[in-house]
Amino acid sequence: MATRDDYPHFQAIPTRWKDNDVYGHVNNVEYYSYFDTVINTYLVRHGGLDIHRGARIGYCVESHCRFDAPMAFPDTVHAGLRVAKLGNSSVRYEIGLFREDEATPAAEGWFVHVFVDRATGRPAPLEDTLRTALAKLLAEQSA
């Protein structure tokens with residue numbers, strides 16, 4: 001199991017009242033939303049990804065989440081992000097979702113993006129600014 005020190009980038013994500021399910025904890029589907037939020041916020045803010053007009057867009061082709069402990073509103077999720085593999089047109093991210101100030105994650109997962117040409121939908125090489133930003137999150141550099 002990873003710890004906070006294993007992730008070079010963090011984003012705080014407040015839970016919302018609607019995130020809880022009838023069992024009183026964050027519903028499993030919301031964890032994937034937190035993955036999307038930390039990844040895409042990083043890509044836009046640090047990688048220059050233009051989600052509205054850019055030549056490249058990322059398609060999620062695989063995702064996974066392992067749940068280790070419950071979270072519930074009004075927790076703040078601290079989403080840790082690292083890159084496990086950086087390919088020509090693909091990226092495998094690893095995400096740790098931490099409750100408040102806890103050292104171990106409540107959930108861990110991965111998410112794979114394949115970047116494609118917006119017009120054709122075919123895989124396309126990562127743009128330089130995006131590659132540079134993602135390289136800063138490579139797990140072997142941050143370990």
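Everything below is about the structure shown above.
On a predicted model such as this, the values are computed, not experimentally measured, just so you know.

About the thresholds
Residues numbered from 1 in each chain as written. Predicted model: local features only at pLDDT ≥ 70, side-chain atom pairs only at ≥ 80, totals over all residues. Heavy atoms only, no water. Helix = DSSP H or I, 4+ residues; strand = E, 2+ residues; numbered from the N terminus. Rg over C-alpha atoms; globule rule 2.2 N^0.38 Å. Buried < 20%, exposed > 50% of the residue type's maximum accessible area, 1.4 Å probe, protein only. Contact = heavy atoms within 4.5 Å. Areas by Shrake-Rupley, 256 points an atom, 1.4 Å probe, with all protein chains shown as cover. Lys, Arg positive; Asp, Glu negative; His and termini not counted. Charge placed at Lys NZ, Arg CZ, Asp CG, Glu CD. Core = buried A, V, L, I, M, F, W, Y, C linked by side-chain atoms within 4.5 Å. Phe/Tyr/Trp six-rings, centres within 6.5 Å; stacked < 30°, edge-to-face > 60°.

*Asks:* Let's hear about the overall build of the chain: which residues, and what values?
*Replies:* Of the regular secondary structure elements, the chain holds three helices and five strands. Here the C-alpha atoms of the chain give a radius of gyration of 15 Å, agreeing with the 15 Å that 2.2 N^0.38 yields for 143 residues. Along the first, second and third principal axes, the C-alpha set of the chain runs to 45 × 30 × 25 Å. Out of the 143 residues belonging to the chain, those deemed buried represent 43%. When contacts within the chain are restricted to residue pairs at least 6 apart in sequence, long-range pairs at least 24 apart make up 72% of them. A total accessible area of about 7,600 Å² is found for the chain, and carbon and sulfur atoms account for 52% of it. Across the chain, 15 positive and 19 negative side-chain charges occur, with their mean positions spaced 7 Å apart.

*Asks:* Any details on the environment of Leu 49? Residues and values, ideally.
*Replies:* In this fold, Leu 49 is placed in the loop between helix H1 (28-47) and strand E2 (56-67). Remark: the alpha-carbon pair of Leu 49 and Leu 130, spanning 81 residues in sequence, is separated by 6.9 Å.

*Asks:* How would you explain the nonpolar core if you had to name every residue and give the values?
*Replies:* One finds Tyr 93, Ile 95 and Leu 97 to be the most contacted residues of the largest nonpolar core, which totals 30 residues. Sorting the residues of this core by element identifies H1, strand E3 (76-86), strand E4 (90-99), strand E5 (107-117) and helix H2 (128-135) as the ones contributing at least two each. It is H1 that contributes the most residues to this core, seven residues altogether.

*Asks:* So what about the environment of Gly 54? Which residues, and what values?
*Replies:* Following the sequence through the fold, Gly 54 ends up in the loop between H1 and E2. When its relative accessible area of 13% is taken as the criterion, Gly 54 is described as buried. Between the alpha carbons of Gly 54 and Arg 118 there is a distance of 7.5 Å; along the sequence they are 64 residues apart.

*Asks:* Pulling in residues and values, what's your account of the packing of aromatic side chains?
*Replies:* Given two aromatic rings, their pairing is described by the distance between the two centres and the angle made by the two planes. Overall, the coordinates contain eight aromatic pairs when judged by the stated rule. With 5.7 Å between their ring centres and 90° between their planes, Trp 17 and Phe 73 make a pair best called edge-to-face. Taken together, the positions of Trp 17 in the loop between strand E1 (9-14) and H1 and Phe 73 in the loop between E2 and E3 put the pair 56 residues apart, joining distant regions of the chain. Ring centres of Tyr 32 and Phe 35 lie 5.7 Å apart, and the angle between their planes is 70°; on these two criteria the pair is classed as edge-to-face. Within this pair, Tyr 32 and its partner Phe 35 are both found in helix H1, separated by three residues, close to a single helical turn. Here Phe 35 falls in the buried class, since its relative accessible area comes to 0%. Grouped by ring-pair contacts, the aromatic residues Tyr 7, Phe 10 and Phe 98 constitute a single cluster.

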